Each structure stands twice: as structure tokens, then as C-alpha cells.
Amino acid sequence: MSERVMDDDAGLRDGGLADAAPPTDGEARAGGLGRWLSARLRRGGRGLVIAIPYTWLLLFFLLPFAIVAKISFAEYQLGIPPYTPLVEWAEDTYLRITLAIGNYQFLLEDPLYIEAYLGSLKMATVSTILTLLVGYPMAYGIARAKPSTRNVLLLLVILPFWTSFLIRVYAWIGILKSNGILNNFLMWTGIINEPLPLLYNEFSVYLGITYSYLPFMILPLYANLEKLDKTLLEAAADLGCRPWKTFLTVTLPLSLPGIVAGSLLVFIPAVGEFVIPDLLGGPETLMIGRVLWSEFFNNRDWPVASAVAIAMLVFLVVPIMIFQHYQAKGEKR
Amino acid sequence: MRNRSFFLLTALGFGFAFLYLPILLLIIYSFNENRLVTVWSGFSTQWYGELLRDDNILDAAWVSLRVAFFSATISTALGTIAGMVMARFGRFKGRTLFSGMLSAPLVMPEVITGLSLLLLFVALEGLIGVPQGRGVSTITIAHATFTMAFVAVIIQSRLSQMDESIEEAALDLGARPAKVFFAITLPIISPALVAGWLLAFTMSLDDLVVASFTSGPSSTTLPMVVFSSVRLGVSPKINALATLLVLVAALTILIAAWFMRRQESQREKEAAAASAEQDRF
């Protein structure tokens, strides 16, 4: 809490510095006291404006992580809350601080957690590639369509995004399950004699992620491909370049920023995904988000769940943020 | 040349079929008479009737709508201020931390956000007794926190496209910053405000993970009811619910698109009229 107050003050002081540079006409006319008063007021207003979202984020975003970190060093116990206190008064005379690193040791020793972490990375990578393969031709096709059709097509891409995510995942259960629509259809046509195992395996999770995140891939790709300078393609064609070669040597390299942006938008939520592996995946589909969920809701082990969250933060979120930071810098240059 | 456009057309066809066929099948089978959702036996609207008599689902829908409304409103207010701070306030102490905290929710897995907020609420209750238990208010705070980042991104990008000289002119003419904001900036960015609110509303309505962590026993949201029912298998009632949700979303989008198009053509007309006016002089 004291940190917050300090920061607000800093905001005020600094705001004053930035604002002091060019005095407006009104201020100049108002003279000494009035000028001082209005500058003071503006400084206060500026600090207050910054303080509102700042306080909210410190309280509801940063502080929670401090608490998660704290609990990850506690031990599980039966009771409410279900973890041991970190700091306690031993015989009312001195403070005793107990840091239990057992939770982190446990994460390293039990192969479940590392496998789940690697599994998440694998699932997210494969489905990002699949989404790119489906999304790129679509984005390219939309960018090449007539402007009037283009708007309709874009609307059609965005529309599923506004409908419930859960419902769209649910739709696949009815299609893929062993007496589902697809198996019934295939058996009716006589292509197969017994139902294929389409649901509750890795295949259905890949399908679910690709399906759910396809709009996230198409939109940035489209935005990039639409800006593509068509004269470059014409020049390549005039110089006798074959369409496929033009695509590979001109279009594809130029659309690389769009590919990176779209892939990140798919990869990041896919890595921490819980709903899709839980509803479409089998028991062997290990993903870290699902492990955290079951650690918390099924085992009620808050300290281990917290340790998993901290590990995810360090090995997943922080690298992604650093990558994004440098990528944004690179684009500006 | 013809080869390639054939390829693109096929890709588009398959892509859109991939996007829409599942939703279409969902809608068709919501009118199925059979209790086994995927075995067609005849047309019926009985599941819609059962849906409307299901108090569990109706209560949860009401909870979800309230949470979505309040959290979207809070997050639009906070997100607008945050976007404004990022786009217009220049340097201030703690800016790096601020922009970090503002953009982190965009990449934060939902399970982490949910867990951390729950632990915060539990700790706060133990320390100061507020919030008492968890319910609509804690879900609202959680949703406002993770959606405000998205609102801030929209507002910030709109502000960076906007012509700053109008604001500067008003300041030069002696208007106070607050007045400039409410009289000039806010009306200009109002479409972005609406877009941000709608996005926050949809994300809140759609969220399962964060709500599951931060809800209490008496406050179950609609996605939570759907999830626990879907975990047990497909049910025709959920198909009926899905159809209604898709219908509402589609109608909202179409109305919004029509509205934006009308506004745009009006703006174009005005611009054409203005330039015609200029030509006369």
C-alpha cells in the first residue's frame, strides 16, 4: 500500500515537470498567484487521473501475484484457508518465517508438471502452424476479393468470435463423438463400418484450438496482405516470374509481420488453454492450464497450484512479454 | 492466373465451411425431437420450452448479464483513462510499471488471473473482512480487471490516430484540460468507447475460467452452468441455448455493421459537400 502512495506522489511531481514547460496564454495573463494556483490544480488533476487506473492495477493485478508467490512458499494443511501461514508469532516474542520450497521441488520431481509444460508448448505450436495453414489462404483470398465482397467476408470471419467460445467448442463434441454426426454420416455412406475414435484425443484438441482461434490468425494476416503493394507483384509478373515463385519470394516475406502477429495471437492463449483440452482432450492430453485447474479444484492444494502459476509466469508469460517487447521495438525501427 | 484464383476460392470455401458448419449443425439439431442430440428423429421445439422453464439456466443468465453490464462499464471507464494516460500523458514516474501492468493481462493465461484474484479476495477477507464471501461483486471486479487492458488498447490506438491539434487549439483558447477531454476528445473517440464496451461485455459474458475461480456458491454464471452440463455430455437444451446465443450475437453484429456503414456514408457525404463548398469560393 505504501508503494502506491509513493507512486502517486511521484506521478504528481513528474506531472508538474512535464506540464511546466509551455505556459498557455490563459495562464500567462492570470499572473503570479492565479498562475501558481492553476498549475497546482492541473498537476493535482493529472496525478489523480493517473492514480485511478494505477491504483486499480496495483490492487487487483500486482498485489494478487505477490499473494500467489507468498502462498507458493506455504505448505498444504487441512483448514480454512488450506495453507500454513508464512509469518507467525512464535510464543509471542519473535517472528518466525517459514519458507517451504517443497512445492517447487515437488514440481521438479513429479514428471507430470514438466510433461504438462512441454505438452502445452507442443500443442500450442502444432495448432498455431495448423491455424496458419488454414488461415493464410483465407486471408489472402479475402485481401484479393472485390472491396464490397471483402467487407462481407471480413464480417463473416469476425462473427464467430462474438459468439460464445464455449458453445463453439461444444459444437465439436456433437460432431466428433463416437455416435456423433460425422461418424453417423460416414457409417451411413458405408466408408467405415465402425465409428472412428475422433473425440477425446490430441486430434480433437488440435481441431478445437484451430477452429476457435482461426479469426485471430486471419485478421492480422488480412490487415498485412491488404496493404501489400500490388505493383511489386505486377513487376515480378512482367519480368517473367511464375505466380508461385512470386508468392514465395515477394508476398510471403513481405507478409512476415502479419504471420508473426497472427501466430502470437493464437499461440499465447493456446498455451494456457483450459477449456478445449478439458472438453475435447482425453486423459492423456496434458496441458499446464488443466493441471493448475485440477490441482486447485480437485486436489484443493492451493500452495502447489500457486507454485504452478508462478512457474507458468516465469517460464511462459515473461518470455512471451520479452519477445513481444523486442519485436515491437524492431518494427518501429 | 486462373489456377491461383481457383485455389483461393476453394480455400475460402473450405475455410468458411469449417467456420460455419459446426454452428449450423448445432442450430439444426436444436430442433431435433430426439433426446440423443445427434440422432435425428423429427422436428420439434420442445427443448426451447424446457430451456425457458429451467430456473438454473435463467438465474445463471441473469447473473451473467449483470456481471457483464457492470464489469464492462467499469472496465470502459478505467480503460479509457488508462488509454488516455498512455497516449497523451508523456513520461511520468512509474510509467514502465504502468504499461507493463496494463499490457500483461493480454498475454496472461486465464487460469493464473483467476487463481491470483481468488487468493487476493480470500486474503482481503481475512485481513479487513471485505469482500464478505464471493459472488457477483468479486466476479465483476475480476472481469473489469482483465477486460480493461483490451479497452485501453482500443482507446489508445484511436487516440494515436486522432488529430491532436484540435485538442491543442482548445487548450490554447483557454479551455481547461478536463473540459477539453469531455467536450472534444470524448465525442471524437466515442465509437471506440462503444467498441470497447461491447468487447468487454462479450468477454465477460463468455468467460468461464476467471468466473469459476472468483464466484461463490450462490452466483453461478451461464458459462459455468453450460460447462458443467457439457462435461456430462451433449444435451438438446444446450443446443437450444446455443442457437439463441448465436442468434443474438449475429443480430447485434449485423445491426452494428449497418449502423457503422450508415455513419460512414454520412461522413463521406458531408466531406463531399464540404469540398464542394470550398470549390465555389
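- As annotated in an unreviewed UniProt entry, chain B is Putrescine transport system permease protein from Caenispirillum bisanense.
- UniProt, in its Sequence similarities (unreviewed entry) section for chain B, records the words "Belongs to the binding-protein-dependent transport system permease family. CysTW subfamily."
- What the UniProt record of chain B gives under Subcellular location (unreviewed entry) is the line "Cell membrane".

- Under an unreviewed UniProt entry, chain A has the name Putrescine transport system permease protein and belongs to Caenispirillum bisanense.

1. Remarks on unusual backbone geometry
Residue and element names in this part refer to chain A.
- The backbone of tyrosine 200 shows a phi angle near 60°, a positive value even though the residue is not glycine.
- Note on placement: tyrosine 200 falls in the loop between helix H7 (181-189) and helix H8 (202-226).
- Even without glycine at this site, arginine 300 takes up a positive phi of about 55°.
- Its place among the elements puts arginine 300 in the loop between helix H13 (288-297) and helix H14 (302-332).
- In this structure arginine 300 comes out as exposed when scored by C-beta crowding, with 12 C-beta atoms within 10 Å.

2. With respect to the UniProt feature "transmembrane region" (unreviewed entry) in chain A
Residue and element names in this part refer to chain A.
- If you check UniProt for "transmembrane region" (unreviewed entry), the listed places come out as residues 48-69, 116-140, 152-173, 203-225, 246-271 and 302-323 in our numbering.
- Strand forms 0% of residues 203-225 and helix 100%; the C-alpha atoms that close the span are 30 Å apart.
- Annotated as residues 246-271, this span is 96% helix and 0% strand, and its ends, taken at the C-alpha atoms, are 34 Å apart.

3. Side note on the UniProt feature "transmembrane region" (unreviewed entry) in chain B
All names here are of chain B.
- Annotation from UniProt places "transmembrane region" (unreviewed entry) at residues 7-31, 60-85, 97-124, 136-159, 180-200 and 238-259.
- Secondary structure over residues 7-31 splits into 92% helix and 0% strand, and the C-alpha atoms at its two ends are 36 Å apart.
- Split by type, residues 60-85 is 100% helix and 0% strand. Its first and last C-alpha atoms lie 36 Å apart.

4. Brief notes about the UniProt feature "domain: ABC transmembrane type-1" (unreviewed entry) in chain B
- Taking the UniProt record as the reference, the feature "domain: ABC transmembrane type-1" (unreviewed entry) is found at residues 61-256 of chain B.
- Secondary structure within residues 61-256 of chain B divides into 82% helix and 0% strand; the distance between the first and last C-alpha atoms comes to 23 Å.

5. Describing the UniProt feature "domain: ABC transmembrane type-1" (unreviewed entry) in chain A
- According to UniProt, the "domain: ABC transmembrane type-1" (unreviewed entry) feature falls on residues 117-323 of chain A.
- Between the C-alpha atoms that bound residues 117-323 of chain A there is a distance of 19 Å. The span itself is 80% helix and 0% strand.

6. Thoughts on the packing of helix H4 (residues 111-144) of chain A against helix H11 (residues 256-271) of chain A
Residue and element names in this part refer to chain A.
- Viewed as axis vectors pointing N to C, H4 and H11 meet at an angle of 140°, and their least axial separation amounts to 9 Å. With respect to H11, the element H4 is oriented oblique. Like other packed secondary-structure pairs, H4 and H11 cross with a definite hand, here right-handed. On H11, the residues touching Ser120, Leu121, Met123, Ala124, Ser127, Thr128, Thr131, Leu132 and Gly135 of H4 are Ile259, Gly262, Ser263, Val266, Phe267, Ala270 and Val271.
- Of the residues that constitute the contact of H4 with H11, the class distribution is nine nonpolar, seven polar and no charged.

Quick notes on the rules
Numbering of residues begins from 1 in every chain and follows the order in which that chain's sequence is written. Each chain takes a letter, starting from A, and each ligand takes a number, starting from 1, following the order in which they are written. In keeping with the model being predicted, local features are shown solely for residues with a pLDDT of at least 70 and side-chain atom pairs are shown and tallied solely at 80 or more, while totals for entire chains, interfaces and linings include all residues. UniProt positions are given in the numbering used here, feature names are shortened, and annotations may be inferred rather than shown by experiment. A run of DSSP states H or I qualifies as a helix once it reaches four residues; a run of E qualifies as a strand once it reaches two. Both are numbered from the N-terminal end. Residue burial is a threshold on neighbouring C-beta atoms within 10 Å of the residue's own C-beta, all placed from the backbone, with 20 or more meaning buried, 12 or fewer meaning exposed, and counts in between meaning partly exposed. Axis geometry follows a simple rule: fit a line to the C-alpha atoms, using only the stretch in contact for helices, then measure angles between N-to-C directions, giving values from 0 to 180 degrees. Any angle between 65 and 115 degrees counts as roughly perpendicular, while under 35 counts as roughly parallel, over 145 as roughly antiparallel, and the rest as oblique. Crossing chirality is assigned from the near helix's rotation relative to the far helix, an anticlockwise turn below a right angle marking it left-handed and a clockwise turn marking it right-handed. Once C-beta atoms have been placed from the backbone, residue pairs whose C-beta atoms lie within 7 Å are recorded as contacts. Three residue categories are used. Nonpolar comprises Ala, Val, Leu, Ile, Met, Phe, Trp, Tyr, Cys and Pro, charged comprises Asp, Glu, Lys and Arg, and polar comprises the others, including Gly.

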